[in-house]
Amino acid sequence: NAGVTQTPKFRVLKTGQSMTLLCAQDMNHEYMYWYRQDPGMGLRLIHYSVGEGTTAKGEVPDGYNVSRLKKQNFLLGLESAAPSQTSVYFCASRLAGYNEQFFGPGTRLTVL
Amino acid sequence: GNSVTQMEGPVTLSEEAFLTINCTYTATGYPSLFWYVQYPGEGLQLLLKATKADDKGSNKGFEATYRKETTSFHLEKGSVQVSDSAVYFCALISGYSSASKIIFGSGTRLSIRP
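Nothing here was measured: the structure is a model prediction, and the numbers come from that model.

1. Looking at the interface of chain A and chain B
Taken together, the 21 residues of chain A in the interface contact 22 residues of chain B. Between chain A and chain B, roughly 1,700 Å² of surface is buried when both sides are summed, and carbon and sulfur atoms account for 56% of that area. Counting across the interface, chain A meets chain B through 0 salt bridges. Along the contact surface separating chain A from chain B lie 4 residue pairs in polar contact (both at pLDDT 80 or more). At the level of secondary structure, the elements contributing two or more residues to the side of chain A that touches chain B comprise β4 (31–37), β5 (43–51) and β9 (87–94) of chain A.

2. A few points about the pattern of salt bridges
Counted according to the given criterion, the structure contains 5 salt bridges over all chains. Where K56(B) meets E63(B), a salt bridge forms, and the shortest distance between an N and an O atom there is 3.6 Å.

3. Topic: the sheet that holds strand β1 (residues 4–7) of chain A
Residue and element names in this part refer to chain A. Overall, antiparallel pairing links the 4 strands, which are arranged β1-β3-β8-β7 in an open sheet. Two strands lie at the open edges of the sheet, namely β1 and β7 (65–67), each paired on one side alone. Averaged over neighbouring strand pairs, the angle between their axes works out to 20° when direction is ignored. Direction of pairing for β1 relative to strand β3 (residues 19–25): antiparallel, over a ladder of 4 bridges. Looking across to β3, one finds that Q6 is bridged to C23.

Cut-offs used in this document
For every chain, the first residue of the written sequence is number 1, and numbering continues from 1 along that sequence. Here every chain gets a letter starting at A, and every ligand a number starting at 1, in the order they are written. Since the coordinates come from a predicted model, pLDDT governs what is reported: local features require at least 70, and pairs of side-chain atoms require 80 or more to be given and counted, while whole-chain, interface and lining totals use all residues. Heavy atoms throughout the structure, all of them, feed into the side-chain values; hydrogens and water do not. Note on definitions: a residue-residue contact is assigned when non-hydrogen atoms from the two residues lie within 4.5 Å. Accessible area that two parts lose when put together, evaluated with a 1.4 Å probe and summed over both, is termed the buried area. Should a side-chain nitrogen of Lys or Arg be within 4 Å of a carboxyl oxygen of Asp or Glu, the pair is scored as a salt bridge. What qualifies as a polar contact is a pair of N or O atoms within 3.5 Å, subject to a donor-acceptor requirement within protein and to the restriction that residues adjacent in sequence count only when both atoms come from side chains. For helices the rule is a DSSP run of H or I covering at least 4 residues; for strands it is a run of E covering at least 2, with both sets numbered from the N terminus onward. Pairing between strands is defined by DSSP: at least two bridges between the two strands are required. Axis definition: a line fitted to C-alpha atoms, over the contacting stretch in the case of helices. Angles run 0 to 180 degrees between N-to-C directions.

None of this, on its own, says anything about what the molecule does.
What follows is the structure in structure tokens.
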């Protein structure tokens, strides 16, 4: 049982480049989340999904897109990266009917 | 809206000292409360939780009691170790539905000196 995994672990982009972060979970959880973590600000919700084929905006969705084509995967895309998107990105998942979230190890993204 | 406020860090203590990290919350209804821990270079791990008033969550020597009258969920440990050095996040969630989202505090960095 790998839990929640994220790829890549680190990435450096130039302004305007695009990339996709992959989150995968093997716990058959219905709900999945993408957060960003910035110093002194805790975790802020970017987008989330309550099931395959459905996504919704969180607290800070601008500049990001997501897709949930398979239940176990949740992709976060940056179409045109900006320095303000330099952050650590965490994926999490949760089983319906329970309120504990399980987190991945994070992706550290730097946009130059 | 719901919110979580926790004491600012960093907090630096000597090994075997007593630890308190304060957390207060604002929420409608009866939220569940959590403490998550983030060790260097890792993701967040659930440390303990409490789902109703007066519940005490405990794990690895850490404890926190859900106090509805003071809307608090302070984290305590009687004797800290160097291995407890990490960032600690207080969090809450109201409900169990798909619309229920977890709200995090800003985190408190704890450093323990040998």
